[in-house]
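# Reading the structure
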Amino acid sequence: MRCAYADLPAEQQKRLEGVVGVHDFSWSNGLLIRHWASAGKTPGQPPARHYVVRQTPHGPTLYVGRHLSHIEGMDPAEGRRLIADLNRFTTQPQYCYSHDWTPGDMIIYDNRTMLHRGRPYNPSETRMNRRTTVGECANEVERDGLGPASGQPAPIPDPQESWEALDSTGVQEVEDGPEWLYGGRRELWWEVDAESGS
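What you see is a predicted model, and the numbers here were worked out from it, not measured in a lab.

Rules and cut-offs
Residues numbered from 1 in each chain as written. Predicted model: local features only at pLDDT ≥ 70, side-chain atom pairs only at ≥ 80, totals over all residues. Heavy atoms only, no water. Helix = DSSP H or I, 4+ residues; strand = E, 2+ residues; numbered from the N terminus. Expected span 1.5 Å × (residues − 1). Buried < 20%, exposed > 50% of the residue type's maximum accessible area, 1.4 Å probe, protein only. Polar contact = N/O pair within 3.5 Å; in protein donor to acceptor, adjacent residues only side chain to side chain. Salt bridge = Lys/Arg side-chain N within 4 Å of Asp/Glu carboxyl O. Phe/Tyr/Trp six-rings, centres within 6.5 Å; stacked < 30°, edge-to-face > 60°. Pairing = 2+ DSSP bridges. Axes fitted to C-alpha atoms, helices over the stretch in contact; angles between N-to-C directions. Contact = heavy atoms within 4.5 Å.

### Considerations on helix α5 (residues 76-90)
Because each turn of an α-helix spans 3.6 residues, side chains separated by three or four positions end up pointing in the same direction. For α5, spanning 15 residues, the distance from its first C-alpha to its last is 21 Å, which sits close to the expected 21 Å at 1.5 Å a residue. If you check which residues of α5 are buried, you get G79, R80, L82, I83, A84, L86, N87 and T90. Two or three places before A77, at the opening of α5, D75 has a side-chain oxygen 3.1 Å from that residue's backbone nitrogen.

Written out as structure tokens, the structure reads:
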């Protein structure tokens, strides 16, 4: 994400300075299953406010991705177009790394400076994953005196908006997969939607 930021035109870098985005698990999960979005806040994980461009010890980096639901101070539709454009830009092949796992492999990455996503795998195969997270001492928006760390929930997406948002992060690459894959949930969205009556 640092490399992608460095490659943005200087005028776009300038426009993104100080812009605050809201990351919302209810929004991102609701892209897949509508009632997850309409349920409101995810317990214990309220929407979080972060700068779209974060400062790190190694330089500025974009902080976008599937969980980024909206941009504060922007019309929701306009903000989501910006988010989709940034997601598409940062997920171009030159900024992506894919790892082919072998026994004993260990990956260490800075979650502030990259997007990560598990790829499809055969659930009948043994898979062990251990994760250790080192947290920051404070939310940077709150630290800078710009209000609380938690933000307002996002408006519920309509189906077309959901698939456009997912597509911008490459999720539909696996659209024809089985139900347990992200992209295999297009039909599941509609089934849940019909059952819930929403």
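### Topic: the pattern of salt bridges
Applying the stated criterion across every chain yields a total of 4 salt bridges. Taking the shortest distance from any N to any O, the salt bridge between D144 and R143 comes out at 3.2 Å.

### Description of the packing of aromatic side chains
Overall, the coordinates contain 1 aromatic pair when judged by the stated rule. Geometrically, the ring pair formed by F89 and Y95 is tilted, given 5.7 Å between the ring centres and 40° between the ring planes. For F89, a relative accessible area of 23% translates into the label partly exposed.

### Points about the sheet that holds strand β5 (residues 68-71)
A sheet is described by the order of its strands in space; here 3 strands give the open sequence β2-β1-β5, paired in antiparallel fashion. With one partner strand each, in any of the chains shown, β2 (48-51) and β5 form the two edges of the open sheet. Recorded for the sheet is a direction-independent mean angle of 35° between the axes of neighbouring strands.

### Topic: the environment of L115
The residue L115 is located in the loop between α5 and α6 (140-143) in this model. A residue is classified by how much of its surface remains accessible, and L115, at 31% relative accessible area, is partly exposed. The sequence separation of L115 and Y63 amounts to 52 residues, and the corresponding C-alpha distance is 8.3 Å. Setting aside anything within four residues of it in sequence, one finds L115 in contact with M1, V64, G65, T90 and T91.

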